[in-house]
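Results of the structural survey
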Amino acid sequence: MPTETNIYPISGVAKLSVQYSVYKIIGLSPGTAVYHSNIQALIDRLSRLLKAPVTTIERNGARHIVIPTDAGVPPLVKLVATVVTLKPTGETIDLDFGTSGDEYTLLRQRFLQFSIQSPLHNRPMLWQPRAGQAFYMKTPNKNFEGVGLYHGASLRIVPSPDSGWGLCIDIRSKFVRTRPLQQDLRPEDGKRLVGRTLVYRFGHQWYEVGFQGVADFDVSQPLIVEDGRTFSLLEYVNFKSRKPVPDVVANLDPAGTAIFYRTIGPELKHAAAGLCYLVEDVHTRDGARLQSHAILEPDARCQLTARFLDDHLKRLQLGNIELSVGRSAILGSGKRFWIPSFEFGNKHVLTLSGKPQNGTRVRMEELGKKRNELLVDQRAGFHDRTLLGRQYLVLPASVANGFGVQFKADLQRAVSGLYPQGGPYDPEIITYDDFGAKRSFIGQAKAIKQAMSRASLRPGNALVMIHNLDQRARMTDQLEAMIVKDFPVEFELVAAVIHTDTPRNSYRCIERREGPIYQVEANRKRRFDAYLRNVALSKVLLSNRKIPFVLEGKTHADMVIGIDVKQNTAALSLVAQGGRIVHCKTWSSRQREQLSVEQVANYLFELVKLEATSFSTRPRRVVVHRDGRAFPTEIEGLEKACASLAAAQIIAPDFDLTIVEIKKSGPVTLRLFDTILSPDGRRRTFNPRVGTWEALGYSEGYVCTTGQPFGRRGTARPLHAVRVHGTMTIEDCLADIFSLSCLAWSSPETGTRLPASIKLCDRVLFEDAADYDADELNFGVDDQSEVSA
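Residues numbered from 1 in each chain as written. Predicted model: local features only at pLDDT ≥ 70, side-chain atom pairs only at ≥ 80, totals over all residues. Heavy atoms only, no water.

**Examining the overall build of the protein**
Summing up its helical and strand segments, the protein has 19 helices and 41 strands in all. A compact globule built from 789 residues would reach a C-alpha radius of gyration of about 28 Å, and the protein, at 29 Å, matches this within 12%. Seen through its C-alpha atoms, the protein measures out along the principal axes to roughly 85 × 65 × 65 Å. Burial analysis of the protein (789 residues in total) assigns 52% to the buried set. The contacts in the protein between residues at least 6 apart in sequence include a share of 70% that link residues at least 24 apart. (Helix = DSSP H or I, 4+ residues; strand = E, 2+ residues; numbered from the N terminus. Rg over C-alpha atoms; globule rule 2.2 N^0.38 Å. Buried < 20%, exposed > 50% of the residue type's maximum accessible area, 1.4 Å probe, protein only. Contact = heavy atoms within 4.5 Å.)

**Examining the sheet that holds strand E35 (residues 621-627)**
The sheet built from eight strands is open, its strands ordered E34-E33-E32-E35-E36-E41-E40-E39 with mixed pairing. Because the sheet does not close on itself, it has two edges, and the strands there are strand E34 (581-588) and strand E39 (693-695). For this sheet, the mean angle separating the axes of adjacent strands, direction not counted, is 20 degrees. Judged from the five bridges that link them, strand E32 (residues 559-566) and E35 form a sheet pairing that is parallel. The partner of Ile-563 across the bridge, within E35, is Arg-626. The sheet contacts of helix H17 (residues 730-741) involve E32, strand E33 (569-576), E35, strand E36 (656-663), E39, strand E40 (700-703) and strand E41 (719-725), and relative to E40 the element is tilted by about 30 degrees. (Pairing = 2+ DSSP bridges. Axes fitted to C-alpha atoms, helices over the stretch in contact; angles between N-to-C directions.)

**What about the packing of aromatic side chains?**
By the definition in use, this model includes 22 aromatic pairs. Here Phe-337 and Phe-738 contribute two aromatic rings whose centre-to-centre distance is 6.3 Å and whose plane-to-plane angle is 25 degrees, an arrangement assigned as stacked. One end of the pair, Phe-337, is in the loop between strand E21 (321-325) and strand E22 (342-343); the other, Phe-738, is in helix H17, with 401 residues separating them in the sequence. A single burial state applies to Phe-337 and to Phe-738, both of which are buried. Pairwise contacts between aromatic rings join Tyr-200, Phe-202, Tyr-207, Phe-231, Tyr-236, Phe-239 and Tyr-261 into one cluster. Its end group placed over the ring of Tyr-277, Arg-201 keeps NZ or CZ at 3.9 Å from the ring centre. When the ring centre of Phe-239 is taken as origin, the NZ or CZ atom of Arg-229, which lies over that ring, is 5.2 Å away. (Phe/Tyr/Trp six-rings, centres within 6.5 Å; stacked < 30°, edge-to-face > 60°. Lys NZ or Arg CZ within 6 Å of the ring centre and 35° of its normal.)

**Here we look at the nonpolar core**
In terms of nonpolar packing, the biggest core is built from 71 residues, with Phe-342, Phe-407, Leu-411 and Trp-745 touching the most fellow members. By residue number, the principal contributor to this core is helix H14 (residues 525-541), which donates eight residues. Apart from residues no more than four positions distant in its own chain, Phe-342 is found in contact with His-348, Val-349, Leu-350, Leu-367, Arg-371, Phe-549, Val-550, Leu-551, Glu-552 and Cys-742. Within the second largest apolar cluster, 38 residues are counted, among which are Val-13, Phe-111, Leu-112 and Leu-304. (Core = buried A, V, L, I, M, F, W, Y, C linked by side-chain atoms within 4.5 Å.)

**Let's talk about the pattern of salt bridges**
In total, this model carries 40 salt bridges according to the counting rule given. For Asp-299, the salt bridge is made with Arg-684, and the minimal N-O distance between the two is 3.6 Å. A residue pair is termed long-range when its members are at least 10 positions apart, and Asp-299 in helix H7 (residues 298-313) and Arg-684 in strand E38 (residues 683-686) qualify at 385 residues. According to the relative accessible area criterion, Arg-684 is partly exposed, its value standing at 34%. Among the ionic pairs, Glu-606 bridges to Lys-585, the shortest N-O distance being 3.6 Å. (Salt bridge = Lys/Arg side-chain N within 4 Å of Asp/Glu carboxyl O.)

**Quick word on the packing of helix H15 (residues 597-610) against helix H16 (residues 632-647)**
Where H15 meets H16, the axes come as close as 7 Å, and the angle between the chain directions of the two elements is 40 degrees. Looking at the two axes, H15 sits oblique to H16. Seen along the crossing, H15 lies across H16 with a hand that is right-handed. Two secondary-structure elements touch here, H15 through Val-597, Glu-598, Val-600, Ala-601, Leu-604, Phe-605 and Val-608 and H16 through Thr-633, Glu-634, Glu-636, Gly-637, Leu-638, Lys-640, Ala-641, Ser-644 and Leu-645. Partitioned by chemical class, the residues of the contact of H15 with H16 number nine nonpolar, three polar and four charged. (Parallel < 35°, antiparallel > 145°, perpendicular 65-115°, else oblique. Left-handed = near helix turned anticlockwise from the far one by under 90°. Nonpolar A, V, L, I, M, F, W, Y, C, P; charged D, E, K, R; others polar.)

**Comments concerning the environment of Ile-169**
You can see Ile-169 is positioned in strand E12 (residues 165-177). Given the relative accessible area of 1%, Ile-169 is considered buried. Separated by 522 residues in sequence, Ile-169 and Gly-691 have C-alpha atoms that sit 22 Å apart. The residues contacting Ile-169, other than those within four sequence positions of it, are Asn-6, Tyr-8, Ala-153, Ser-154, Leu-155, Thr-305, Leu-309 and Leu-313.

**Focus on the confidence of the model for the protein**
Per-residue pLDDT for the protein averages 90, and the proportion of residues at 70 or more is 95%. Within the model, pLDDT remains below 50 along residues 471-476, and this stretch shows 12 contacts once partners closer than five positions in the same chain are excluded. (pLDDT = per-residue confidence, 0-100.)

**Re the side chain of Gln-599**
The topology assignment puts Gln-599 in helix H15. Leave out the neighbours within four places in its chain, and Gln-599 touches Ser-589, Arg-590 and Gln-591.

**Details of the environment of Ala-641**
Among the structural elements, Ala-641 can be located in helix H16. Remark: the alpha-carbon pair of Ala-641 and Ser-154, spanning 487 residues in sequence, is separated by 39 Å. Not counting residues up to four positions away in its chain, the partners in contact with Ala-641 are Val-600, Ala-601, Leu-604 and Phe-605.

**Describing the state of the cysteines**
Tallied over the full model, the rule gives zero disulfides. No disulfide involves Cys-302; its sulfur sits 12 Å from the nearest other cysteine sulfur, which is in Cys-168. Cys-761 forms no disulfide, and the closest cysteine sulfur to it belongs to Cys-584, at a distance of 4.7 Å. Cys-761 gets classed as buried once you look at its relative accessible area, which sits at 0%. (Disulfide = S-S within 2.5 Å.)

**Concerning the sheet that holds strand E1 (residues 3-5)**
With respect to topology, three strands assemble into an open sheet ordered E1-E37-E38, the strand pairing being antiparallel. The open sheet has two free edges, formed respectively by E1 and E38, since each of these has just one partner strand. Going across the sheet, the axis of each strand differs from the next one's by a mean of 40 degrees, ignoring polarity. As defined by bridge partners, strand E37 (residues 672-677) adjoins E38 across four bridges and the pair is classed as antiparallel. Residue pairing across strands places Leu-677 opposite Arg-683, the latter belonging to E38.

**Here we look at helix H4 (residues 233-240)**
If you check which residues of H4 are buried, you get Leu-233, Leu-234, Tyr-236 and Val-237. Looking straight down H4, one finds its buried side chains confined to an arc of 165 degrees; they lie on one side. Residues of H4 that are buried sit in contact with strand E13 (197-202), strand E15 (222-226), strand E16 (229-232), helix H5 (247-250), strand E17 (257-262) and strand E18 (269-272). (Arc of directions from axis to C-beta.)

**What about the pairing of E16?**
Relative to E16, E15 runs antiparallel, the two sharing four bridges. Looking at the pairing, Pro-222 lines up with Ser-232 of E16. From the end of E15 to the start of E16, which pair antiparallel, there are two residues, and Asp-227 there has a positive phi angle of about 55 degrees.

**Remarks on the packing of helix H10 (residues 404-418) against H14**
The contact between H10 and H14 brings their axes to 9 Å, and the two run at 70 degrees. As far as their axial angle goes, H14 and H10 are roughly perpendicular. Our pair here, H10 against H14, has a crossing hand that is right-handed. In this structure, H10 contributes Phe-407, Asp-410, Leu-411, Ala-414, Val-415 and Leu-418 to the contact, and H14 contributes Phe-528, Tyr-531, Leu-532, Arg-533, Val-535, Ala-536, Leu-537, Val-540 and Leu-541. When the residues that make up the contact of H10 with H14 are grouped by side-chain class, the tally is 13 nonpolar, no polar and two charged.

What follows is the structure, encoded as structure tokens:
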């Protein structure tokens, strides 16, 4: 069965040539915390101002800006706490595109990426939300009760697996309201929209902006000064738009409301409310409700790609050179990693090959189901066999007075069924006031802390049930953040959070002769049992560090470290010996994303030292999985930490460090498909088998951690990995990522997309890095209206 990519060959590239001029950067110090973010901001700012593909190269160990010579003289650029000047070095670089494999490969890629999108900006049928994002059709593919579903294509120039350059095309979806904001929008109505994304239809040009508020003037107010003239918003959009103008512009009410918005940077701009359309994403009620309609099966995705290709990419004119994109996708290598074998309790092995002396062999299609079954099989069960510690169940008083006792009994059965070796799961119930206290962040947080302070607590684990406060997700996030951050510090309790919604919607009070009881409604029982099992597995057992299964064999790395940073919280995980050694720890950080040399060095040394006595032999091959970008300061810090660990005789003196960036998302995703020709001659496209992988060069590749046999809706999204430091081959890096993704501890039946190294960081950061306003809790007045759960 051939494996196909979503990369399409580009012809005509060899005819291209360009000259770049090299500039020294004056005004940026490499030692500052904002250096790397300022470099990126400088590239973005110059690219927009000069309308040219600007980037950087290394010269004598220092970053230099390179700009196409015909783009003109670069201006002064204001950045964070500095003004940057660019000084010509006199060096020029003449690039031709018939050559590859030299130091300018990334420079060619940047030029091609910029150039191939330029003709699409002039296509009247297309719009682009922001630079670098997908190009969408202006006509929605479908309409759902006032919301349009738009399909578009993201484009990325990549080295072709065959040779030369290819264009990776990935179909994207977006939901946008079909009617604009009301033209008489009032300031009080605008408050609920602050932070929402809008599509601003500025004449024939559409782009996304961020809503900030309602202005105190209308669109006929003189406001914008340009070329010695002063325009109102109404005049300006008519002046700038190609004629004839769209009907929404022609029919704009002169007394209509103006709004404030942001695009990039701190500057506030203005727009006519009647030209702005709300985007409905996964964070909005309607967007979440409609997301299932955006899920595309492989066949549908390929058909949309072919249509976009035919309509917009057959011929691309770059000056006097014409490029074209082929209609037939480039074939993949078809390489696959084998699904590893797993070891459960009692050394019971689950494998897809061989005849284990103590274990079970299954077909690939039965893997998820059998993993699930072995967790409750007396021959196997959890790999971890240790007892549970002290447990608490923290409930709202309204729940405790109603279905609370029955919920505890049902949860006990679920936990004991999964983990009988842990001893009886009998959590002590602590109730907090949700009657007198308002169901707001301040009210519920104070009520929970008061209840915990009154209880006689000992170190252990707590499962806390809270109300979904209202439709503004941030309030509930704040309450969760307070619980998981403060419980370990104030009460010596590791906390996990669940919500009242599912139990409240499932239990019903039944009047019996012996008295009222609560039981789950018959039509909800199957779903509620699955919910209880997930709570028992993810919120109780995994929070207690009880590991369901491990890899039977070894990974190429002796020790894998995961790193992620979110909202001033850094998380590092350690996975070794196939998951037998697992540890995850968080630290508060002044940096929101980039860590300093000393931070990384100290955090990694501290984490590994905690498990020093657990290693059977000192690890030599150390691989770091960085979620997102690995900054130069972090790479230096990792090298420093490994040197210190080797000196302390915790890892091998001849350690080998490899650092891999794992990119969970991006503007463009490489896809892999299995294809067959059916008996009737039609071509059929399917998701690939998990473990299918593809390398793009020596240091970049993709691996399918989802796909067959885990039958999920939609198209598999391979995980993108880039080796940025070290010598481990990209094949071995991808093999370890795949093996660790098979440790699907929270979802053994369906699998998981991320390796355990990153999944562990995500798990703690989802809770620990969620932010809350401590001053609001300590000093705020709880004047919010009460909201029912």
